[in-house]
Amino acid sequence: MMPEALRTSLQARVAAAVTPREAAVDVMKELQAHYGWLTDEAVGEAARLLGLSELQVEELATFYEMIYRRPVGKKVIHVCDSISCWCACCEEIMRHLKERLGVEPGGTSADGMFTLLPCCCMGMCGDSPAMSVNGTPYGKLTPELVDEILARERALAS
Amino acid sequence: MPKLIIDDIAVEVPAGTNVLEAARSVGITIPHFCYHPALAIAGACRLCAVKLLDGPVKGIQMSCSLPAQDGMVVSTTDPEALQLRSMVIEWLMINHPHDCPVCDEGGECLLQDFTIAGGHGRRRYQGKKRTFLNQYLGEGIQHEMNRCIECYRCVRFYQDYAGGTDFGVTGSAGRVYFGRFADGALESPFSGNLVDICPTGVFTDKTGRFRARYWDYEFAPSICPHCSVGCNTSPQNFQRELIKVVARRNDQVNGWFICDRGRFDKGYVNDGRRPRQPMIDGVACGYEEALDALAGRISDFIGMNGTGSLALVGSARLSLEGAILLGELARYLDGAQLCYFADSSLSGGSLAAVQLLNEQNAASLSDLEGADCIALLDLDLMQEGPMLALAVRKAALAGAQVYLVAAEPGAAQKDLPFRCTAVGSLDEVPLEGGGQGGRRLRRRRKGARTAGPPGLDRSEVGHAAAGGERLRRGAAGP
């Protein structure tokens, strides 16, 4: 169940939108922040708030790669695999992360700390190859820098 | 009216016609998957590529989303266009399974036709195909997502055209999936059209799977017997069994679609208890013999009791031919009682409707679609004539005002695929009401329609007709 305060603030957000669908991404992000990921229950709650069907919320939720319809770790790593980062050898970065975390893309490390996901362009082509960890952008990545970032993010979490 | 040249043929089409339809008007079929005349343009499949050699636009273009313009010189056979189309086909076929022999669409599959026509006969792709888990979509439709070529026809029909909300498209890129949130029967009473509209075998008719191939069927143009709308259908018959019913296009009535009742509800036709041959006292016989026996018995009966004692009982569900022949028989047996209805209020209402409807005030479904103002009497539209609801939805989406004369507005509005305003009586329909629709209505003064339920008595039909007339004329009341 979502807390009453969250429900009230989301209702206000939907009421302020010209069409309810326009508020869908905000509602999904807030619910995801509350639950950790967008649970089936959260999809139902979003649907009721927005006056859409569960399927219509699912259509949007599964389109956006930063809405998670599966449980994720404490922090989510998005590694860009679009053209600029690909030219800058993002595949090597992805390979390194897979090795370090012991997971395939889509997986969560055994300690529950990191979920590894590929993503499309984050607009950091100038600093390619790039990734983000829980929304913090990192560019000009090398395997060594990735190790440093993982250690730093792990320390920040504990 | 733009004039253009397509494959050396001069074509003139109404403004707004796309190049694909312009070509079709002179008998040139440009291969296409996502384009459907009844749906919004998606430009998703990239198959309808043509090359424009001269005119306002040049080079390779998608003919479905390109309006015909003056001076265009179009080639559908240019090597560059041909090559692009064959590559698009190959690419669309990359993930498509080689399961035609066990696919119920086989033989009536647009993807098969255009793959062959496009010259793609040998698969070069050796990689893994993307696969999906199918969903249970109810007893009407079988789901097989692996066959999908992502043309978006199904979702454009289901949500945009028919107003359904429980079926749609999820995911993105190579993970695009057409289905529901969870397994379950499709809620839309128009879901069966997915079978017709899917260019390949993602949705097949579960009620008639694996019984026969397209070339086995006998077809006959037919009219759906389920309600009084009269949607055109094409029943598919194999060895004296009705296997499937599909929609038959008629722009005046049902357009391209039919409702699920018309498509799936056909068990009674194949019921073993249904008499399939003439019988005398329960013993099968020939037609001539049966007709002779009937004539003999009628004449014996009249001889004993007089024609006044004879009742000829038809039904509103009788075929038109049967109903006319029954009338002929009654005229021949002068004095026999003829009836088609179970009670007199039904016959009174029908008679009044027939007398009051004429060429000026009777509306076809396509008239409804173009109406500016529609008043619905207290009726369960989804029960009485589901395709009427789609026509009203089309009008409502185009800005028509829809009023529902309802005793219990909430209940009557619940399942309708369009927004409407509930009013207490027909007199409350505000003809001069504000809003854009009202202004348009005053300007055009046409296209106001009323529709009512069956079983209205004579005075109610008269009232409805008068109301309709008042709306049509744009007058302020009697």
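All values reported here derive from a predicted model rather than from experimental measurement.

Draft legend 1. Focus on the overall build of chain B. The number of helices and strands found in chain B is 15 helices and 21 strands. Here chain B, with 478 residues, has 45% of them falling under the buried criterion. Put simply, 62% of the contacts in chain B that link residues at least 6 apart link residues at least 24 apart. Carbon and sulfur atoms make up 54% of the accessible area of chain B, which amounts to about 24,500 Å² in all.

Draft legend 2. Up close: the overall build of chain A. Each helix and strand counted, chain A has 7 helices and 4 strands in total. Tracing chain A from N to C terminus, the helices and strands come up as α-α-α-α-β-α-α-β-β-β-α. Along the longest, intermediate and shortest principal axes, the C-alpha atoms of chain A span 45 × 30 × 25 Å. A total of 158 residues make up chain A; the buried ones form 44% of that total. Excluding contacts between residues fewer than 6 apart, the proportion of contacts in chain A whose partners are at least 24 apart in sequence is 57%. In chain A, the 15 positive side-chain charges and the 22 negative ones have mean positions that sit 2 Å from each other.

Draft legend 3. How the structure looks around the sheet that holds strand β1 (residues 75-80) of chain A. Residues and elements named next belong to chain A. Taken in spatial order, the 4 strands of this open sheet run β2-β1-β3-β4, and their pairing is mixed. The strands lining the two open edges of the sheet, one partner per strand, are β2 (114-119) and β4 (136-138). Ignoring strand direction, the axes of neighbouring strands in this sheet form an average angle of 20°. Across 3 bridges, the pairing between β1 and strand β3 (residues 131-133) is antiparallel. From the neighbouring strand, Val 79 faces β3, where its bridge partner is Met 131. In the packing of helix α6 (residues 90-101) onto the sheet, the strands contacted are β1, β2 and β3, and the crossing angle to β2 comes to about 160°.

Draft legend 4. Inspection of the environment of Phe257(B) at higher detail. All names here are of chain B. Relative to the elements of secondary structure, Phe 257 occurs in the loop between β13 (241-247) and α6 (260-264). Taking the relative accessible area as the measure of exposure, Phe 257 reaches 2% and is therefore buried. Spatially, the C-alpha atom of Phe 257 lies 9.0 Å from that of Gly 192, the residues being 65 residues apart in sequence. Apart from the residues within four sequence positions on either side, Phe 257 is in contact with His 36, Ala 38, Phe 157, Tyr 161, Asn 193, Ile 197, Ala 247 and Met 387.

Draft legend 5. Broad picture of the interface of chain B and chain A. Counting residues at the interface gives 13 residues for chain B, matched by 11 residues for chain A. Interface area, chain B with chain A, both sides summed: about 880 Å², of which 60% is carbon and sulfur. When the area that chain B buries against chain A is broken down by residue, the three leading residues are Thr165(B), Thr170(B) and Phe181(B), summing to 59%. Taken together, the connections running from chain B to chain A amount to 0 salt bridges. Applying the counting criterion to the chain B and chain A interface returns 4 residue pairs in polar contact (both at pLDDT 80 or more). Those elements that provide at least two residues to the side of chain B that touches chain A are α4 (153-161) and β7 (168-170) of chain B. It is β7(B) that contributes the most residues to the side of chain B that touches chain A, 3 residues altogether. Residues that form the side of chain B that touches chain A fall into these classes: 4 nonpolar, 7 polar and 2 charged.

Draft legend 6. Structural view of the pattern of salt bridges. Within this structure, the stated rule accounts for 27 salt bridges over all chains. Measuring nitrogen to oxygen at the nearest pair gives 3.0 Å for the salt bridge that ties Lys140(A) to Asp127(A). Of this pair, Lys140(A) sits in the loop between β4 and α7 (143-157) while Asp127(A) sits in the loop between β2 and β3, placing them 13 residues apart in sequence. Taking the relative accessible area as the measure of exposure, Lys140(A) reaches 55% and is therefore exposed. For Asp166(B), the salt bridge identified is with Arg180(B), shortest N-O distance 3.1 Å.

Draft legend 7. Just the packing of aromatic side chains, in detail. Residues and elements named next belong to chain B. If you walk through the whole model with that rule in mind, you get 11 aromatic pairs over all chains. When the centroid spacing of 5.3 Å and the interplanar angle of 65° are considered together, the rings of Phe 132 and Tyr 177 count as edge-to-face. With Phe 132 in the loop between α3 (110-117) and β6 (141-143) and Tyr 177 in strand β8 (residues 177-179), this pair connects stretches of sequence that are 45 residues apart. Grouping residues by exposure puts Phe 132 and Tyr 177 together as buried. Here the aromatic rings of Phe 167 and Phe 203 are separated by 5.6 Å at their centres, their planes lie at 70°, and the arrangement is edge-to-face. Pair noted here: Phe 167 is in the loop between α4 and β7 and Phe 203 is in strand β9 (residues 203-205), with a separation of 36 residues, a long-range link. Accessibility assignment for this pair places Phe 167 and Phe 203 in one class, buried.

Draft legend 8. Local environment of helix α7 (residues 287-305) of chain B. Here α7(B) is 19 residues long and its end C-alpha atoms lie 27 Å apart, about the 27 Å a rise of 1.5 Å per residue gives. One or two residues past the end of α7(B) sits Gly306(B), with phi positive at roughly 85°.

Draft legend 9. Representation of the pairing of strand β19 (residues 401-405) of chain B. Residues and elements named next belong to chain B. With 5 of 5 residues buried, β19 is to be regarded as a mostly interior element. Both faces of β19 are covered, namely the face carrying Gln 401, Tyr 403 and Val 405 and the face carrying Val 402 and Leu 404. Direction of pairing for strand β18 (residues 373-376) relative to β19: parallel, over a ladder of 4 bridges. Paired with Cys 373 across the two strands is Gln 401, which belongs to β19. In the sheet, β19 pairs with strand β20 (residues 421-423) via 3 bridges, with the strands oriented parallel. If you follow Tyr 403 over to β20, its bridge partner there is Thr 421.

Draft legend 10. Molecular detail of the pairing of β13(B). Residues and elements named next belong to chain B. The buried count for β13 comes to 6 of 7 residues, which makes it a mostly enclosed element. The sheet contact formed by strand β12 (residues 232-238) and β13 spans 6 bridges and is antiparallel. Directly across from Pro 235, in β13, lies its bridge partner Val 245.

Draft legend 11. A nonpolar patch on the surface, seen in detail. A contiguous nonpolar surface patch, about 360 Å² in accessible area, is contributed by Tyr214(B), Trp215(B) and Phe219(B). According to the relative accessible area criterion, Trp215(B) is exposed, its value standing at 61%.

Draft legend 12. Just the packing of helix α3 (residues 40-50) of chain A against helix α4 (residues 54-63) of chain A, in detail. Residues and elements named next belong to chain A. Between α3 and α4, the least distance of the axes is 8 Å, while the angle of their chain directions is 110°. Of the possible angle classes, the one that applies to α3 and α4 is roughly perpendicular. When the axes of α3 and α4 are compared, the crossing they make is right-handed. In this structure, α3 contributes Val 43, Gly 44, Ala 46, Ala 47 and Leu 50 to the contact, and α4 contributes Glu 54, Val 57 and Glu 58. Here the residues of the contact of α3 with α4 sort into 5 nonpolar, 1 polar and 2 charged.

Draft legend 13. A look at the layout of surface pockets. Space inside the second largest pocket adds up to approximately 1,200 Å³. Lining the second largest pocket are 37 residues, and of these Thr62(A), Arg69(A), Arg70(A), Gly171(B) and Arg175(B) lie nearest its centre. Looking at the lining of the second largest pocket, its residues break down into 18 nonpolar, 11 polar and 8 charged.

Here is what the cut-offs are and how they apply
Residues numbered from 1 in each chain as written. Chains lettered and ligands numbered in written order. Predicted model: local features only at pLDDT ≥ 70, side-chain atom pairs only at ≥ 80, totals over all residues. Heavy atoms only, no water. Helix = DSSP H or I, 4+ residues; strand = E, 2+ residues; numbered from the N terminus. Buried < 20%, exposed > 50% of the residue type's maximum accessible area, 1.4 Å probe, protein only. Contact = heavy atoms within 4.5 Å. Areas by Shrake-Rupley, 256 points an atom, 1.4 Å probe, with all protein chains shown as cover. Lys, Arg positive; Asp, Glu negative; His and termini not counted. Charge placed at Lys NZ, Arg CZ, Asp CG, Glu CD. Pairing = 2+ DSSP bridges. Axes fitted to C-alpha atoms, helices over the stretch in contact; angles between N-to-C directions. Buried area = accessible area lost by both parts, 1.4 Å probe. Salt bridge = Lys/Arg side-chain N within 4 Å of Asp/Glu carboxyl O. Polar contact = N/O pair within 3.5 Å; in protein donor to acceptor, adjacent residues only side chain to side chain. Nonpolar A, V, L, I, M, F, W, Y, C, P; charged D, E, K, R; others polar. Phe/Tyr/Trp six-rings, centres within 6.5 Å; stacked < 30°, edge-to-face > 60°. Expected span 1.5 Å × (residues − 1). Patch = residues over 30% accessible without salt bridge, like charges linked within 9 Å, V, L, I, M, F, W, Y side chains within 5 Å. Parallel < 35°, antiparallel > 145°, perpendicular 65-115°, else oblique. Left-handed = near helix turned anticlockwise from the far one by under 90°. 1 Å grid on protein atoms, 1.4 Å probe; cavity = no way out; pocket = protein on both sides within 12 Å on 5 of 7 lines; lining within 4 Å. Points joined across faces, edges and corners; volume = space filled by probe spheres on them.

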